[in-house]
Amino acid sequence: MDLSLIPNIKHTKSNNFFLLAGPCAIESEDMAMRIAEKVITITDKLEIPYIFKGSFKKANRSRIDSFTGIGDEKALKILRKVSETFNVPTVTDIHEVSDAIKAAEYVDVLQIPAFLVRQTDLVVAAAKTGKVVNLKKGQFMSPGAMKHAVQKVKDAGSEKAWITDRGTMFGYQDMIVDFRGIPEMRKFAPTILDVTHSLQQPNQVAGVTGGRPDMIETIARAGIVNNVDGLFIETHFDPANAKSDGANMLHLDNLESLLTNLVAIRKTINSL
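In this report, the structure presented in the accompanying data block is examined. Predicted model only: the values in this text are computed from it and were never measured.

The next thing to look at is the side chain of D99. Relative to the helices and strands, D99 is located in helix α3 (residues 97-104). Here D99 is in contact with F56, K57 and I94, once residues within four sequence places are set aside.

Before going further, it helps to examine the pattern of salt bridges. Applying the stated criterion across every chain yields a total of 14 salt bridges. Between R180 and D178 there is a salt bridge, and its shortest N-O distance comes to 2.8 Å. Overall, R180 belongs to the exposed group, its relative accessible area being 67%. Here D178 falls in the partly exposed class, since its relative accessible area comes to 27%. Residues participating in the shared-partner salt-bridge network are K57, D72, E96, D99 and K102.

Right, let's talk about helix α1 (residues 29-46) for a bit. Between its terminal C-alpha atoms α1 stretches 26 Å, which fits the 26 Å expected from 18 residues at 1.5 Å a residue. Buried residues of α1: M31, A32, M33, I35, A36, V39, I40, I42, T43 and L46, and no others. Residues of α1 that are buried in the fold lie against β1 (18-22), β2 (50-53), α2 (72-86), β12 (230-236) and α8 (255-271). At the C-terminal side of α1, E47 shows a positive phi close to 55°.

Closest axis-to-axis distance for the α1/α8 pair is 10 Å, and the angle between their directions is 25°. The orientation of α1 relative to α8 falls into the category roughly parallel. As for how α1 packs across α8, the hand of that crossing is right-handed. Counted together, V39, I42, T43, K45 and L46 of α1 and L255, E256, L259, T260 and V263 of α8 form the full contact between these two elements. Of the residues contributing to the contact of α1 with α8, the split by class is six nonpolar, two polar and two charged.

This part covers the nonpolar core. In terms of nonpolar packing, the biggest core is built from 70 residues, with L19, F52, I94, I112, L135, L231 and L259 touching the most fellow members. Broken down by element, the residue count for this core peaks at nine residues, all from α1. Ignoring anything within four residues of it in the chain, the contact list for L259 reads F17, L19, I42, T43, L46 and I48. Counting residues in hydrophobic clusters, the runner-up holds 12 residues, among them L3, I6, V91 and W162.

This part covers the packing of α1 against α2. Running from N to C, α1 and α2 point in directions that differ by 35°, and their axes come no closer than 10 Å. Our pair here, α1 against α2, has a crossing hand that is right-handed. Counted together, E29, A32, M33, A36, E37 and I40 of α1 and I78, K81, V82, T85 and F86 of α2 form the full contact between these two elements.

The element strand β6 (residues 161-165) is largely enclosed, with a buried count of five among its five residues. Here β6 shows no split at all, with A161, I163 and D165 on one side and W162 and T164 on the other all buried. With four bridges connecting them, strand β5 (residues 132-136) and β6 associate as parallel partners. Looking at β6, one finds that V133 is bridged to A161. The sheet contact formed by β6 and strand β9 (residues 191-194) spans three bridges and is parallel. From the neighbouring strand, I163 faces β9, where its bridge partner is T191.

For E47, which is not a glycine, the phi torsion comes out positive at approximately 55°. Looking at the secondary structure, you find E47 in the loop between α1 and β2. Relative accessible area serves as the criterion here: at 45%, E47 is assigned to the partly exposed category.

This part covers helix α5 (residues 146-155). For α5, the full list of buried residues reads M146, A149, V150 and V153. All buried residues of α5 lie within an arc of 95° about the axis, which places them on one face of the element. On the buried face of α5, the contacting elements are α4 (120-128), β5, β6 and α6 (181-186). Where α5 ends, the next residue or the one after it, G157, has phi of about 100°, a positive value.

By the criterion of burial, β5 is predominantly enclosed, with five of the five residues buried. Note: strand β4 (residues 109-112) against β5, four bridges, orientation parallel. From the neighbouring strand, V109 faces β5, where its bridge partner is V132. A crossover connection joins β4 to the parallel β5 through α4; in handedness this β-α-β unit is right-handed. In this view, the connection linking β5 to its parallel neighbour β6 by way of α5 has right-handed handedness.

Basis of the calculations
- Residues numbered from 1 in each chain as written.
- Predicted model: local features only at pLDDT ≥ 70, side-chain atom pairs only at ≥ 80, totals over all residues.
- Heavy atoms only, no water.
- Helix = DSSP H or I, 4+ residues; strand = E, 2+ residues; numbered from the N terminus.
- Contact = heavy atoms within 4.5 Å.
- Salt bridge = Lys/Arg side-chain N within 4 Å of Asp/Glu carboxyl O.
- Buried < 20%, exposed > 50% of the residue type's maximum accessible area, 1.4 Å probe, protein only.
- Expected span 1.5 Å × (residues − 1).
- Axes fitted to C-alpha atoms, helices over the stretch in contact; angles between N-to-C directions.
- Parallel < 35°, antiparallel > 145°, perpendicular 65-115°, else oblique.
- Left-handed = near helix turned anticlockwise from the far one by under 90°.
- Nonpolar A, V, L, I, M, F, W, Y, C, P; charged D, E, K, R; others polar.
- Core = buried A, V, L, I, M, F, W, Y, C linked by side-chain atoms within 4.5 Å.
- Pairing = 2+ DSSP bridges.
- Arc of directions from axis to C-beta.
- Right-handed = clockwise from strand over helix to strand, strands pointing away.

Here you go:
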């Protein structure tokens, strides 16, 4: 799919990977604007096509007392303000059929969470909005099985599908990325590597997901070497106090050095 079809996306001729990055969840307007401004400064400098990511709500939490959001409309309006203020496209995930039309009024890309990617009605509803649909590969699914999720988008009348690999379950409390899956999934649709969710350590007894943020650069470099079209990275200026997924997020202060290294690797790969 041609990136230039996404409203407000920049640097589409740079031959770089594209980036979906931002906080796990929208916690406040101030935090969203602060993160967006920083990431945009970096991606403009490095000529990386960029889409701001933020969940307007989190429905798939381990515990009922976990943070789920600040209110649907309030969070979606913040996403719209980020887009209008910085002239940048946005992406958010949806969990119910009714979310598709609601979120599509505010964002440019609708993301289907990994646990829900086999939910036909949800995928079809997202596709019918005309927005790009980012399909997270289920932790329980093979790369080859994702062709069926992409086909659902196509059967609903849209060619605007992406696939995002976010790791595969390894035992009960760990994830692995099988890099053999990247070229396989790229046959079906542009493929993104979700670096930070691939480093989650889910199903902890405490009901709060752990993670390995120290391995972010390792996984991201491997993704670039294996020709992913895009990267997905959750980042925050204070991961330790983030309200969702802080254990595996990248500290915002470390983003520029990471992306600088990845752009250098991409240039080398492009020359081969």
